Amino acid sequence: MTSWPAGYGLVEFDEIDSTNEEARRLAAKGERGPVWIVAGRQTAGRGRRGRKWESPAGNLAATLLLNPGKPASECAQLSFVSALAASDTIASFSPDIDIKVKWPNDVLANGKKISGILLESASQGADPQFLIVGIGMNLRSHPPDTEFPAASLTAFGLEPPLPRHALLELAGPFAKWYDVWRADGFSPIRDAWLSRAAGLGTRIRARLTNEETVGIFEGIDETGALLLRETKDRVRAIAAGEVFF
Ligand code: BT5
């Protein structure tokens, strides 16, 4: 088991609306972190673009509030730092399951979504004053009817760890990858992420705001945009969207 990383605070709740919302409230009060906020369950857990995130008791709902002191464009790279940490955590509990990262920031276990990440920031001027990194993990249960198939550790016949234990296994790897990012930048993070990426080199479908497109998933660029080869001569950089394999 890893130990709690030095310098990181911890705030715990039995129940809360959303740990990301609590991070926002703490930041508004002047807290700059780094501090992990964890809740036994969320009543208004959120995903990207206003979607809902189900987080009943037994699963992990955690948010890290921190102040990277870098421009917003670079802070977006932390979603890949988070995905690496979350995939380490899941892998530590399920050594025989194929764990992959899915662009932009999910973790898949045997091809099913087991963890989702939501990065938020609030800025004054050009640079974010704080970054909010929310991570949900399906330890004990997962919702049945999601557009992208979901899974939990229990669904694979594994004994789920207590959320508190999972947080410990997340905070350590996050601190490790965060330190790599701070010392050496995005390049080693991108390499590590690509070595775990689902669907790399295969034909995928990408859903953007107003269209869908297909192509070969060739990698990600230095901003984290997905590189999709649509034709022999055209590689498109996709900054935001959903991908399907
Ligand atoms: C995400 O959004 O995957 C980001 C989820 C982040 C959740 C954490 S929990 C701690 C922190 N506090 C918060 O309030 N949020 C963060 P997205 O890619 O938009 O996926 C959302 C979609 O996944 C939904 O529309 C559902 O279809 C599906 N979904 C909902 N709950 C799920 C779950 N527990 N497991 C798998 N899929 C789920």
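Everything numeric in this text was worked out from a predicted model, so none of it was measured.

A. Seen up close, helix H5 (residues 186–195). Of all the positions in H5, only Phe 186, Ile 189, Ala 192 and Trp 193 are classed as buried. For H5, the angular spread of buried residues about the axis comes to 130 degrees, placing them on one side. Looking at the buried positions of H5, the neighbouring elements they touch are helix H3 (78–93), strand E4 (99–102), helix H4 (163–184) and strand E9 (212–220).

B. Fine view of H4. In this model, H4 (22 residues) spans 31 Å end to end at C-alpha, consistent with the 32 Å of a helix rising 1.5 Å per residue. Positive phi appears at Gly 185, one or two residues downstream of H4, with a value of about 85 degrees.

C. Here's a closer look at the side chain of Asn 59. Summarising the element assignment, Asn 59 is placed in the loop between strand E2 (35–42) and strand E3 (60–66). On the basis of relative accessibility, which here comes to 2%, the residue Asn 59 falls in the buried class. At 3.0 Å, the side chain of Asn 59 and the backbone nitrogen of Leu 139 are in polar contact. Side-chain polar atoms of Asn 59 contact the backbone nitrogen of Arg 140, separated by 2.8 Å. The contact partners of Asn 59, leaving out residues within four places of it in the chain, are Gly 40, Met 137, Asn 138, Leu 139, Arg 140, Ser 141 and Pro 163.

D. Main features of the pattern of salt bridges. One pass over the full model with this rule turns up 22 salt bridges. When the shortest N-O distance is used, the salt bridge between Glu 120 and Arg 24 registers 3.9 Å. On the criterion of sequence distance, the pair formed by Glu 120 in strand E6 (residues 112–123) and Arg 24 in helix H1 (residues 19–28) is long-range, its members being 96 residues apart. A residue is classified by how much of its surface remains accessible, and Glu 120, at 16% relative accessible area, is buried. Among the residues examined, Arg 24 registers a relative accessible area of 27% and is labelled partly exposed. Via salt bridges that share partners, Glu 21, Arg 24, Arg 46 and Glu 120 belong to a single interconnected network.

E. Up close: the site of the ligand. The ligand sits among 27 residues. The nearest are Ser 18, Arg 46, Arg 51, Lys 113 and Asn 138. Between the ligand and Arg 48, the relevant distance is 2.9 Å, taken from an oxygen atom to a main-chain nitrogen or oxygen of the residue. In the model, a nitrogen atom of the ligand is placed 2.8 Å from a nitrogen or oxygen of the Asn 138 side chain. Looking at the shell around the ligand, the elements with two or more residues in it are H1, E3, E6 and strand E7 (128–137). When residues in the shell around the ligand are grouped by element, the largest group, four residues, is from E6. Its residues assigned to classes, the shell around the ligand comprises seven nonpolar, 12 polar and eight charged.

F. Molecular detail of the sheet that holds strand E10 (residues 226–231). A sheet is described by the order of its strands in space; here five strands give the open sequence E11-E10-E9-E8-E12, paired in antiparallel fashion. Among the strands making up the open sheet, the edge pair consists of strand E11 (234–238) and strand E12 (242–244). Each strand of the sheet is rotated relative to its neighbour by a mean of 45 degrees, with strand direction disregarded. The pairing of strand E8 (residues 203–207) with E9 spans five bridges and is antiparallel. Paired with Ile 204 across the two strands is Gly 215, which belongs to E9.

Rules of the game
- Residues numbered from 1 in each chain as written.
- Predicted model: local features only at pLDDT ≥ 70, side-chain atom pairs only at ≥ 80, totals over all residues.
- Heavy atoms only, no water.
- Buried < 20%, exposed > 50% of the residue type's maximum accessible area, 1.4 Å probe, protein only.
- Helix = DSSP H or I, 4+ residues; strand = E, 2+ residues; numbered from the N terminus.
- Arc of directions from axis to C-beta.
- Contact = heavy atoms within 4.5 Å.
- Expected span 1.5 Å × (residues − 1).
- Polar contact = N/O pair within 3.5 Å; in protein donor to acceptor, adjacent residues only side chain to side chain.
- Salt bridge = Lys/Arg side-chain N within 4 Å of Asp/Glu carboxyl O.
- Near = heavy atom within 4 Å.
- Nonpolar A, V, L, I, M, F, W, Y, C, P; charged D, E, K, R; others polar.
- Pairing = 2+ DSSP bridges.
- Axes fitted to C-alpha atoms, helices over the stretch in contact; angles between N-to-C directions.

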